Structures are given as structure tokens and as C-alpha cells.
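What follows is the residue order along each chain.
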Amino acid sequence: MTSKADFTDEEWTRLKRAPFVAGMAITLADPGGPIEAFKEIAATLKTVLGDAEQGGRGELVTALARDVEAEARERKNPLAGFKPSKGATAGVEILDELGAVNQVVTEKATAEDAAAVRQWLLAAATAAANAAKEGGFMGFHAQRVSEGEQQMLDRLGEVLVAPSA
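Residues numbered from 1 in each chain as written. Predicted model: local features only at pLDDT ≥ 70, side-chain atom pairs only at ≥ 80, totals over all residues. Heavy atoms only, no water.

*Asks:* Could you give me a rundown of the overall build of the protein, with the residues and numbers involved?
*Replies:* On a plain count of helices and strands, the protein comes out with six helices and zero strands. Written out in order from the N terminus, the α and β elements of the protein read α-α-α-α-α-α. In summary, the protein has a C-alpha radius of gyration of 15 Å against a globular reference of 15 Å for 165 residues, a match within 12%. Principal-axis analysis of the C-alpha atoms gives the protein an extent of 50 × 35 × 30 Å. Summarising the internal contacts of the protein: among those between residues at least 6 apart in sequence, 73% fall at separations of at least 24. Surface accessibility of the protein: about 9,100 Å² in total, with carbon and sulfur atoms responsible for 54%. Here the protein holds 18 positive side-chain charges and 25 negative ones, and the gap between their average locations is 5 Å. (Helix = DSSP H or I, 4+ residues; strand = E, 2+ residues; numbered from the N terminus. Rg over C-alpha atoms; globule rule 2.2 N^0.38 Å. Contact = heavy atoms within 4.5 Å. Areas by Shrake-Rupley, 256 points an atom, 1.4 Å probe, with all protein chains shown as cover. Lys, Arg positive; Asp, Glu negative; His and termini not counted. Charge placed at Lys NZ, Arg CZ, Asp CG, Glu CD.)

*Asks:* Help me get a handle on the environment of Asp 30, residues and values and all.
*Replies:* By the secondary structure assignment, Asp 30 is in the loop between α1 (9–29) and α2 (34–54). Sequence-wise, Asp 30 and Leu 160 are 130 residues apart; in three dimensions their C-alpha atoms are separated by 20 Å.

*Asks:* Would you mind going over the pattern of salt bridges in detail, with residue names and values included?
*Replies:* Evaluated as defined, the whole model comprises seven salt bridges. For Glu 97, the salt bridge goes to Arg 17, with nearest N and O atoms at 3.4 Å. Separated by 80 residues along the polypeptide, Glu 97 in helix α4 (residues 89–108) and Arg 17 in helix α1 bring together distant segments of the chain. Arg 17 shares its class with Glu 97; the two are buried. (Salt bridge = Lys/Arg side-chain N within 4 Å of Asp/Glu carboxyl O. Buried < 20%, exposed > 50% of the residue type's maximum accessible area, 1.4 Å probe, protein only.)

In short, geometric facts, not functional conclusions.
This is the structure in C-alpha cells:
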């Protein structure tokens, strides 16, 4: 079993903010208006808080989610310490950050816990992608997951894979 004690404070902070970074990846992949962005952020938070409450993804994810929940009550920014550049490089920086998180859990967590963290991050990104319809006019012909969001989900899936033995 993997616990907080297996990580440095910096690594733990990166793990806690990782689902929000994954959600940010979706928001930047197909920027809508402020309402869409809010829905995507809310869906990411709901995924994280749901795991804090219900568990189900293992003890490591539950511990991370509970820490995020405690910080949310204190109104702490879950993305504190991570601010990608504006423009085209932001997506690359986000993918690099999530790749680094994947590396940390691969090295320090059990294979089962590392897989659970990867699934958690993909679940947060998927929830963000499904949160708001994109495109169309006044809701007509809008898509639940836009092409840009799907491409980012695919890229996240590539970044968040278990390394081959």
C-alpha cells in the first residue's frame, strides 16, 4: 500500500493538483466561454470530491482526494504552484506536468495504486470534457465532447500509461 509518507511534500502537492491540471487540459483544448469553463472546473472538482467521499479507487487516491477536499474547505487554490504559459505552449506544459506526475507514481507507488491514480486523472479529464456542450448555436447541433477535447483526451491517455516492463 502506498501512502503520503512515500512522497515528498512537493510530489504530494503535484499529485493533489494533477486532476485539476487534467481538467485544465480539456478547457484549453477547446476554450468556450466562461460558463463552459465553469462547468468543466465544477465537473473536475465533483470527480475529486466524489472520490474523497466514496473512495473506490484505492487508498492512495482516497487520501489525495481527502486532502484536496480539506484544502477546498479552506478555500485554497487546487492549482497553486502551477501556471502554464499563455498560448500554444500551455498544452505542452500541461502534458509535461502530467507526464511527470505519472513518473512519480510509477516510481513510488505500487503498480495498483499507480494505475488507480492514472484512472483518476483520466476520469477527471473525461468529466470535464462531458461537462458542457461545445459549438452549435444556442445548444442546437452542439457536441458533448468536441474534436479538440477528444484529441486532448487521447493525448492524456498516451501520457498517462503505465511504462512497459
